[in-house]
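Architecture and fold: a report
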Amino acid sequence: MSEDNTAGPIVVGISGSRSSQAALRWAAERASAAQVPLIVVHAWQPSGALRAPYAPATGVPTEEDDLRAARLVLDTALRTAVTADLHIEVRPVLVQDRPVPTLLRYAPAAELLALGRRTVPDDGDPRLGPVARDCLTKAGCPVVTVPAGVVRIPPAPTPPKRRPVVAGR
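Let me sum up the structure you'll find in this document. Quick caveat, the model's predicted, so the values are computed rather than measured. Sequence order as written defines the numbering, with residues in each chain counted from 1. The predicted origin of the model limits local features to residues at a pLDDT of at least 70 and limits the giving and counting of side-chain atom pairs to 80 or more, whereas totals for whole chains, interfaces and linings rest on all residues. Hydrogens and water are ignored here; the side-chain numbers use all heavy atoms of the structure.

**Some points on unusual backbone geometry**
Quick note on the threshold: Here a strand is any run of E in DSSP of at least two residues, a helix any run of H or I of at least four, and the numbering for each starts at the N terminus.
The backbone of Q35 shows a phi angle near 55 degrees, a positive value even though the residue is not glycine. Of note, Q35 is situated in the loop between α1 (18-34) and β2 (38-44).

**Notes on α1**
Owing to its 3.6 residues per turn, the α-helix aligns residues three or four sequence positions apart on the same side. Which entries qualify depends on this criterion: Multiplying 1.5 Å by the residue count of a helix minus one yields the expected span of that helix. For the exposure calls, accessible area comes from a 1.4 Å probe over protein chains only, and a residue counts as buried if that area is under 20% of its type's maximum, exposed if over 50%, partly exposed in between. Note on contacts: a residue pair qualifies if any of its non-hydrogen atoms lie within 4.5 Å across the two residues.
The terminal C-alpha atoms of α1 lie 24 Å apart, and with 17 residues this matches the ideal 24 Å at 1.5 Å per residue to within 8%. Along α1, the residues that are buried comprise S19, S20, A22, A23, L24, R25, W26, A27, A28, E29 and A31. Structurally, α1 contributes buried residues whose contacts are with β1 (10-13), β2, α2 (63-81), β4 (112-119) and β6 (143-147).

**With respect to the pairing of β2**
Note the threshold: Two strands make a pair as long as DSSP finds a minimum of two bridges between them. By definition, the crossover connecting two strands over a helix is right-handed if that path, from the first strand to the second, turns clockwise as seen with the strands pointing away from the viewer.
Most of β2 sits inside the fold, with seven of its seven residues counted as buried. Neither face of β2 is left uncovered, since the one carrying L38, V40, H42 and W44 and the one carrying I39, V41 and A43 both have all their residues buried. Pairing of β1 with β2 involves four bridges; the strand directions are parallel. Residue V12 lies in a different strand from β2, and its bridge partner there is V40. The parallel pair β1 and β2, bridged by α1, forms a crossover whose chirality is right-handed. With seven bridges connecting them, β2 and strand β3 (residues 90-96) associate as parallel partners. Within β3, the position partnered with W44 by the bridge is Q96.

**Describing the environment of S20**
We apply this condition: The definition of a polar contact used here is a pair of N or O atoms within 3.5 Å, where within protein one atom must be able to donate a hydrogen and the other to accept one, and adjacent residues in sequence count solely through side-chain atom pairs.
Counting through the fold element by element, S20 comes out in helix α1. Taking the C-alpha atoms as reference points, S20 and G116, separated by 96 residues in sequence, lie 4.2 Å from one another. The residues touching S20, leaving out its near neighbours within four places in the chain, are G13, I14, S15 and G116. Separated by 3.1 Å, the side chain of S20 and the backbone nitrogen of S15 make a polar contact.

In structure tokens:
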């Protein structure tokens, strides 16, 4: 969180999954309610780096293909989850790196970090993936995990209207 009593931005990590979409929508509504910027982070890695050295090279996407796919994930997420009615400043971030170090770079100045959380259909038990688990233990701010299907936060309660007191005979 920020040091000077002003609220920092809300940071959300996205991967293109349903739960990261839910986390993005939740974070966007929270940023709107708190009137703070929303930083939307998508970290990507070239798919060639994830292949075994002995795997055939045919059909392997180029780094440019991977970058285009990463941009598409970020653009699609923003288009579907962040609507104009929220009136927020959105800062999209696309970084070629691993997700955890990328998110941890943004966490210290953040009001909170929002991430998607998987659920296992068999028992409905929420499970944390490796990114959420590492961020929960290492982030310098509160971390919120949002399961797929959660897309709304309740609105802030409206304070009661004050009415003048009239004294009479």
